[in-house]
Each structure stands twice: as C-alpha cells, then as structure tokens.
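A look at the structure
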Protein chains: 2
Amino acid sequence: MRTKGDYHAALEHLSVLPPDNLSKNMLEKLKRVFVAFKSFQQDFQEHDPSILNTGKLDVNATIDRFEAVLYDMGDVAEEYDDANTRIYLTIMAERLLQMAKLFQDEPEQQSFQRGIVWTAELSSKTEMLYVIGLGLSDEKDITVRGLEAVKSCERVYLEAYTSILMVDSTKLSEYYGKQVIVADREMVESESDAILADADKINVAFLVVGDPYGATTHTDLVIRARELDIPVQVIHNASIMNAIGACGLQLYNFGQTISIVFFTDTWRPDSFYDRIKENRALGLHTLCLLDIKVKEQSIENLARGRKIYEPPRYMTVNQAIEQLLEIEDNRGEKAYTGETLAIGCARVGQPHQTLISGTLQQLVDADFGGPLHSLVIVGNKMHELEAEFVKEYAIDKTSFDEIVKRDYSL
Amino acid sequence: MRTKGDYHAALEHLSVLPPDNLSKNMLEKLKRVFVAFKSFQQDFQEHDPSILNTGKLDVNATIDRFEAVLYDMGDVAEEYDDANTRIYLTIMAERLLQMAKLFQDEPEQQSFQRGIVWTAELSSKTEMLYVIGLGLSDEKDITVRGLEAVKSCERVYLEAYTSILMVDSTKLSEYYGKQVIVADREMVESESDAILADADKINVAFLVVGDPYGATTHTDLVIRARELDIPVQVIHNASIMNAIGACGLQLYNFGQTISIVFFTDTWRPDSFYDRIKENRALGLHTLCLLDIKVKEQSIENLARGRKIYEPPRYMTVNQAIEQLLEIEDNRGEKAYTGETLAIGCARVGQPHQTLISGTLQQLVDADFGGPLHSLVIVGNKMHELEAEFVKEYAIDKTSFDEIVKRDYSL
C-alpha cells in the first residue's frame, strides 16, 4: 500500500529528516543507497534484460555493485527505525529481487545469492498494519499470504459492520490461533488510534470480509495510519464486486453498482433508480447490493439506552424486487419493468451458491435459500455466450428463450 | 457453481433419468429425500429461526425427521454415482448443515450431530473440476480453500494466455507438490475434453490468474464441463477488477471497464473511446486494462511455421496514455484531455505496488517500474474523501490541489 514515487520520494524524505534522527554517517550511506539504486534501474531500463547474457551489460560488475548496495542497505536498516525509510528500503529490496531473478541461472554468483537472502529477510522485517481481505464465505477463504500475515500479528481485529462472514469470530480465533477482536463501527471510528497502537513496532491485522476496499469505511483507517507514519500493507481477496462474474455476465459490461436499503414505513429511498436508468441507457448490467442490518437496536431499546440488538437481517432477492417494482410503479420512467431480465444470486462463491435467472416478475417469488443475496439487472449488451450461460439456470427455459429473442435479438 | 433451482431441478432431473441407471427402490428413496427436504425448508421459512426455542416449532420431531432424511441420503449417495444427483445431495447437505447450526447448543441431540458429520463428509466427497483463482501476484495469493483443492487434484492446469502470474509454473509446482501443466489458448480451446477427462472420478484443477471470471475465455470450459455432466466448483480470488479499489476511488463509482491494445503501424483501434466518453458523461471512473502479449510469434517466424516466441510484452501506463492522447487528437470529442485527472497503477496488490496520480499529461513520463500496469481515468463523481486519498500519491501536490478545485469544486 505504500504508494509514492518510491526512491524519488525517499530521497526527498531524507532531505527533510530531522538531523538528530540519524548519524551523519548513516544519512550519507542511506543517500548513497538510493542514488545507486536509481542508477541500477537506469541500467535495467536501458538494456533489454534479454540481452544481459550477450555481454552488452557487464554482468559481473553489476553484481558487485548490487552486493555493495545490499550490504549498505543492511547496515542502515539495522540501525534505523523510521517507518517510511524502512518501507522504501523494502520496496527497493523487492525490486532488486525482481532484477536478481535474471541472474539466478549463473551458479558462480554465490555472493549475490547471499544478497538475495538478505533482501528477502529485509522484506519480511518491517512491522506494519495489515489490512486483509477474508473473501466471501468462511475461514478458509483467506489467502495463504493473508494467513501468514495474521499469524505474524500480535493483535487481530475483525471489521464487523459493513458485511458478514458466514462463520463467527470464535471459529476464526481457533483457526488462526489468535484471539480475534470484533471491531464494530463505533470502535473503528472512535478508537482507531487504539487499533493502530504500536503498529510500527509490532504487526497488527485488520480483517475485512470480501476485499479491504469493497467498502468506503476502511480508507479512514488507512489514512489515519499514514498520518501516524505506520506502514500499511493491503492483502486483497475476492469480493462480490468481482465474484459476481460467476453469473456468467462479463464484468466489463457492468455499469455503476447500487445499494438497495430496507424500506421502512416512512423512509423509502429511490435515488439508485436513476443509476439503474443510466446503466440501462448504455446497455450495461447493474449489480444491486442488498441491505444488511447488523447490530440494530429497536426504537424502544434505543430510546431507553439499552444495548440490546435485534437479530441480523438480510434483504432477500424477493424483497429487493418488490421494492424495485414499487419504485418503478411510482416513477414510471421504465428504467426497468416486471418484464426485465434479471439474475437473483445467493451465497455467491460458496459451494451452495444459487443463481436463478428470469424476469423480475418471475423471480419475485423464487426461492433462493439463506443469506447473502444480491441481484443483477441484465443490460442490453448481453452477448450470445453470456445468454447461453445464463439460460442454464433460467427459472423457465422456454420463457427465457422468448425473452432473449424479444429483448436481445439473440 | 452448480446453479440451478436446486432440488426443484433435481426432482425434474430424476423424472427423466433412464430407469436402468438406478434401482426402482433407490429412485423412490431419492424422491422421498427431495420431497422431505422441501418440506423442511418450508418449516424453516414459515418459522422465524429465532423462535425455535420458544416451542412454536416442534424441535424434537424436526430433528427426528432430519435424521431419517440424512440416512436416506447416505444410502443413496453411497450407491449412486450420477454427478448431477450427487451435487444436488451435496447442496442439500450443506443447507441442512446451515439449518442444523440452529440446534447446535442442545447437547442431548447427539444423533443429530452424527447426521451433521455425515453431511460434512458427503460435502467433501464429490469429484469435480475446480476452477481456482490465483489472485494478483505469486504462489501465496491462492486462498487456503483453493490450496486444499489443488492438493486434492490429480491433474493441475495453469491458464497462461490471458494474464500472467509473477512467478513461473515450476515455482507453483514446487509449492503445491503437484506438477502444474501450462495450458495455452490452443490447448484450452482444442483439448478441453482432455483437460476434463475423468473429472467425474478424480479432482482436476484449472488455475486462473486473478479471479476465474475475470476473463471471458474460461466460461467455455465451464459450459463444456456441464455438457459432460461434470460438477464444477469455482474458488474466487482478487482480480484487478476489485483490487483497483486500492487507488482509493470507490468501486461503485466505476463505469464499464475498457481494454487498450498495442497500436501497430496498421491497426490503431479506438472503439473504447466511446466507452470512456459514456462513463465520463455520467461522472464515472474508468478502469483501463492494458495489453499483454504472451507467446506471440514474429511475422517471419509465423510465416515459416517456426514455434519461436517473442519475449512477453506488457503495455506501460506511459504507452497507454500516449495512445489515448493520440486518439483524442484524432476524435476531438473531449472524452478526456491531457488535463484530465488519472491514476497510473503498477503491480496492484503486490507489496511493491506503485500508484501515481496526476493529469494524463503529467503521467505520460512518470516512472512506474515493472509490470503489470493499469490506468484509471477519474470521473467527476470523485468525493472529498477519495480526493484526500488520491492526493497522497500525487505527482505534484500543489498542482493536484489546483486540478481538484478546477474540475471537482472540492
């Protein structure tokens, strides 16, 4: 997640460092490392790597220089604990590793191999905040990289208010061998500094269902970490935003994504109607994310200040369609109708995933089973191959053929 | 990935089974299972699960029925090897497991617990084709679930023509303890039946960089597997389509995704220009995926039928911007200009990820390092929090502030 212009930014960063942070000797050494690295990169950009072995680049001289820089970096990293500089060193080490792969076939270059081992150690040495995506379903959907990171952490938080994992936190604690602290919205917003405490000295993990950047809320934590000069590494995972490809429609034909919230007696928001209309005007598919209510209080409990929470509620495809049709009835702009083709999706990415396609009217009573649900309103750009895939799980194949002929000329 | 209407489809499936596939007795048993399961589901839909313990649903009677059905299912599964029916049984077993969680706190219901163990075994018993996403970078980006699946497979293929993993297949083979067969486009298209051979008797893995549904091409294999009655399970992972959230822009504000291919002297396609224009007219961000050329032959080698391949080529952010500006010069419809805000992204999701924001003109010469690159053209819906995040890695923060003021009134 460290995203600046790398060593350029690092050089700039060095020039503003308070001088008493670092001995003059070390500062000079550090600058030498950055400058040397820049020169390496130029060499590698000027020379096509594939001609390395044809003698146009002096391999042995390059390796000698590599080695000298690596050991300089080692000296600096050992004595220096500024998080920014450490992460720049790590970036450089990783780039050197990439370049180094070009030399791996030369068996005599053992001293260089030692350098590689050293850079690998440096890479794993920096303490930081890990923001780790857990994927779609349960404790085994974490990536191997993510699992290793969790195991290296002294504190592990689970974000538990924008989405829901299909296992509870005690199961996660057991699987990771680490106590998992459930962080609700309040905690993340008001105690972010407690979450980040010491993350420049120990590893801290913040676990997020799906992908870390699926929801807006976590960028706050990342921005706060930056302000505190704590390095952040994000470990990505599947989220509904890409896993929805499982329905057989191509991801690049989706327009903007919308969220549908539970109607109440007095609050029936429909601003997403315009988004669907915009997407459909361009022929694009619309992914509708459906509301989740977690840790909600009843009005009575809220009024009495009792922290008693209602059981979680998940909007079903059926409820979403009912609301959509009600809005269309009110607006009447034909952004879609009961005859529009859609795909109801339940438990996407889980082994017992269910997909059913049909018109909104056909799907309003279909049985999708347990949570989580989402809905795709199909756009007019549907391709023949997409249609073939979607027909496979049509609620009624004969009627599907008719709709495809009517609306898609396929 | 089995996506039909579950037991409804299963019942239908049973009625068309050739009678000699199954003894009459077993067929009756199987139908009884499906009907009983349907009735369970109705019970659970009619009764809010949270009132189970208040006596409104007869818990003990339900558990007795559960148990009977589970053992019937066991009989059938043991004697029956039709892949479709096996997968329906698995789906039911998993749903029963979900419902069963409601009872887990009742210690006396041990016979029911045995049923749970049995369903868990059934769930893991079906042989199939696994289509497994490898994520963004290297061998450790696979999910734990995916890794377990790979280890259970007798043959493991790696799709190697739509994207590139940053490690080679020998490293994967080593890490998985399985020989990884690199499958190029030709192989997947012309030998799909060889890939799928016996996948109803043994597990076969098809590995895909990113998410399995990131690219169109793999749906063919899934459709072919279905035709051969081979169960398919997809294991999702991060892809650039959701990991691009790392740039700090919200995924739900992205429009359709475009691909930019390498211009040649004679082929300079620009059809995506209209897509960018459509997105920007709605204020939406555009993710531009940049061309990868793998296993390309030179015209000379192609003409002489020599299977000698050029080194892989990856389009840089710089090349993409040059092409974009050339197209804008030709078309002149101001879908974007050199002054449009954009984000160049390199190695998204890898530890040495680089992001730089600025105008297209500012980014055309910026240094992004090695592959893979992608580009985001920022839409006018950028929110203040997004802008704060994006400013962090601006090529020039002062000019960034000016642009944001000029184009976004922020």
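Bear in mind the structure is a predicted one, so any value in this text is a computation, not a measurement. (Residues numbered from 1 in each chain as written. Chains lettered and ligands numbered in written order. Predicted model: local features only at pLDDT ≥ 70, side-chain atom pairs only at ≥ 80, totals over all residues. Heavy atoms only, no water.)

Okay, helix H7 (residues 169–176) of chain B next. Residues and elements named next belong to chain B. Taken together, the buried positions of H7 are Ser-169, Leu-172, Ser-173 and Tyr-176. Buried residues in H7, looked at end-on, bunch into an arc of 100°, giving them a common side. Structural note: H7 exposes Thr-170 and Glu-174 on the side pointing more than 90 degrees away from its buried face. Downstream of H7 by one or two residues, Gly-177 has phi in the positive range, about 70°. (Buried < 20%, exposed > 50% of the residue type's maximum accessible area, 1.4 Å probe, protein only. Helix = DSSP H or I, 4+ residues; strand = E, 2+ residues; numbered from the N terminus. Arc of directions from axis to C-beta.)

Looking now at unusual backbone geometry. A positive phi angle, close to 55°, is found at Lys-334 of chain A, a residue other than glycine. Along the chain, Lys-334 of chain A turns up in the loop between helix H14 (317–331) and strand S10 (341–346). The backbone of Arg-347 of chain B sits at a positive phi, close to 55°, despite the residue not being glycine. Structurally, the position occupied by Arg-347 of chain B is in the loop between strand S10 (341–346) and strand S11 (354–359).

Scanning the entire structure with this criterion turns up six aromatic pairs over all chains. On the numbers, 6.1 Å between centres and 85° between planes, the contact of Tyr-213 of chain A with Phe-389 of chain B is edge-to-face. Highlighted residues: Tyr-213 of chain A in the loop between strand S4 (204–208) and helix H10 (218–227) and Phe-389 of chain B in helix H16 (residues 384–391), drawn from two different chains. By the burial criterion, Tyr-213 of chain A is buried, and Phe-389 of chain B matches it. Measuring from ring centre to ring centre gives 6.1 Å for Tyr-175 of chain B and Tyr-176 of chain B, while their planes differ by 65°; the resulting arrangement is edge-to-face. The exposure class of Tyr-175 of chain B is partly exposed, given its relative accessible area of 26%. Relative accessible area serves as the criterion here: at 3%, Tyr-176 of chain B is assigned to the buried category. The positively charged end of Arg-313 of chain A is found above the aromatic ring belonging to Phe-262 of chain A, 4.2 Å away from the centroid. (Phe/Tyr/Trp six-rings, centres within 6.5 Å; stacked < 30°, edge-to-face > 60°. Lys NZ or Arg CZ within 6 Å of the ring centre and 35° of its normal.)

To continue, consider the confidence of the model for chain A. All names here are of chain A. Mean pLDDT over chain A stands at 79; residues scoring 70 or higher make up 68%. Counted against residues more than four places away or in other chains, residues 49–56, with its pLDDT under 50, gives 10 contacts. Scored below 50 in pLDDT, residues 106–112 makes 11 contacts in the model with residues more than four places away or belonging to other chains. (pLDDT = per-residue confidence, 0-100. Contact = heavy atoms within 4.5 Å.)

Tallied over the entire structure, the rule returns 38 salt bridges over all chains. The salt bridge involving Asp-200 of chain A is made with Lys-201 of chain A; its shortest N-O contact spans 3.7 Å. Taking relative accessible area as the criterion, Asp-200 of chain A reaches 36% and is therefore assigned partly exposed. Arg-331 of chain B serves as the salt-bridge partner of Glu-333 of chain B, at 3.1 Å between the closest nitrogen and oxygen. Taking relative accessible area as the criterion, Glu-333 of chain B reaches 32% and is therefore assigned partly exposed. Take Arg-331 of chain B: its relative accessible area is 25%, and that puts it in the partly exposed class. Here the salt bridges do not stand alone but share partners, grouping Asp-270, Asp-274, Lys-277, Arg-331 and Glu-333 of chain A into one network. (Salt bridge = Lys/Arg side-chain N within 4 Å of Asp/Glu carboxyl O.)

Residue and element names in this part refer to chain B. Strand order in the open sheet formed by five strands is S3-S2-S4-S1-S5, with parallel pairing between adjacent strands. Each having just a single partner strand, strand S3 (180–183) and strand S5 (232–235) make up the two edges of the open sheet. Going from strand to strand, the sheet's axes swing by 25° on average, the running direction of each strand aside. Looking at chain direction, strand S2 (residues 155–159) and S3 are connected through four bridges and run parallel. Bridging across to S3, Glu-159 finds its partner in Ala-183. Sheet strands in contact with helix H6 (residues 144–151) are strand S1 (129–133), S2, strand S4 (204–208) and S5, and its direction is about 140° off that of S1. Across the sheet, H7 touches S2, S3 and S4, and the angle it forms with S3 is around 145°. (Pairing = 2+ DSSP bridges. Axes fitted to C-alpha atoms, helices over the stretch in contact; angles between N-to-C directions.)

Take the pairing of strand S12 (residues 373–377) of chain B next. Residues and elements named next belong to chain B. When you tally the buried positions in S12, you get five out of five residues, the bulk of the element. Going residue by residue along S12, you find His-373, Leu-375 and Ile-377 tucked away on one face and Ser-374 and Val-376 tucked away on the opposite face as well. Summarising the sheet, strand S7 (residues 286–290) and S12 pair through four bridges and their orientation is antiparallel. Residue pairing for S12: Leu-289 is matched across the bridge by Ser-374. Sheet topology note: the S10/S12 ladder contains five bridges and is antiparallel. When the sheet's bridge partners are listed, Ala-342 is paired in S12 with Ile-377.

With respect to the helices, strands and loops of the structure, Asp-211 of chain B is situated in the loop between S4 and helix H10 (218–227). An unpaired buried charge is present at Asp-211 of chain B: no salt bridge exists, and Arg-145 of chain B, the closest side chain of opposite charge, is 11 Å distant. Among the polar contacts made by the side chain of Asp-211 of chain B, one reaches the side chain of His-236 of chain B at a distance of 2.8 Å. Contacts of Asp-211 of chain B, omitting those with residues within four sequence positions, involve Asn-242 of chain A together with Gly-133, His-236, Asn-237, Ala-238 and Ser-239 of chain B. (Lys, Arg positive; Asp, Glu negative; His and termini not counted. Polar contact = N/O pair within 3.5 Å; in protein donor to acceptor, adjacent residues only side chain to side chain.)

Here we come to the side chain of Arg-155 of chain B. Residues and elements named next belong to chain B. In this structure, Arg-155 sits in strand S2. Despite its burial, Arg-155 pairs with no opposite charge, the nearest such side chain being Asp-198 at 5.1 Å. Of note is the side chain of Arg-155, whose polar atom sits 2.8 Å from the side chain of Tyr-157.

Following the criterion strictly, the structure yields zero disulfides over all chains and no others. With no disulfide of its own, Cys-345 of chain A has Cys-247 of chain A as its nearest cysteine by sulfur position, at a separation of 5.5 Å. (Disulfide = S-S within 2.5 Å.)

Take the sheet that holds strand S11 (residues 354–359) of chain A next. Residue and element names in this part refer to chain A. With respect to topology, five strands assemble into an open sheet ordered S6-S7-S12-S10-S11, the strand pairing being mixed. A single partner strand is all that each edge strand has here, and the edge strands are strand S6 (258–260) and S11. Taking the axes of each pair of neighbouring strands and ignoring which way they run, one obtains an average angle of 25° across the sheet. On top of the sheet, H14 reaches S6, strand S7 (286–290), S10 and strand S12 (373–377); it is set at about 45° to S12, its chief contact.

Further remarks concern helix H16 (residues 384–391) of chain A. In an α-helix, one turn spans 3.6 residues; hence positions three or four apart end up facing the same way. Considered for burial, the residues of H16 of chain A that qualify are Glu-386, Ala-387, Phe-389 and Val-390 of chain A. Summarising the axial view, the buried residues of H16 of chain A lie within an arc of 160°, below the 170-degree limit, and thus occupy one face. At its buried positions, H16 of chain A is contacted by S10, S11 and helix H17 (397–408) of chain A together with H10 of chain B.

Now for the environment of Arg-185 of chain B. Residues and elements named next belong to chain B. Along the chain, the position of Arg-185 falls in helix H8 (residues 185–190). Accessibility expressed as a relative area gives 39% for Arg-185, which makes it partly exposed. Distance in space between the C-alpha atoms of Arg-185 and Tyr-161 is 6.0 Å, their sequence separation being 24 residues.

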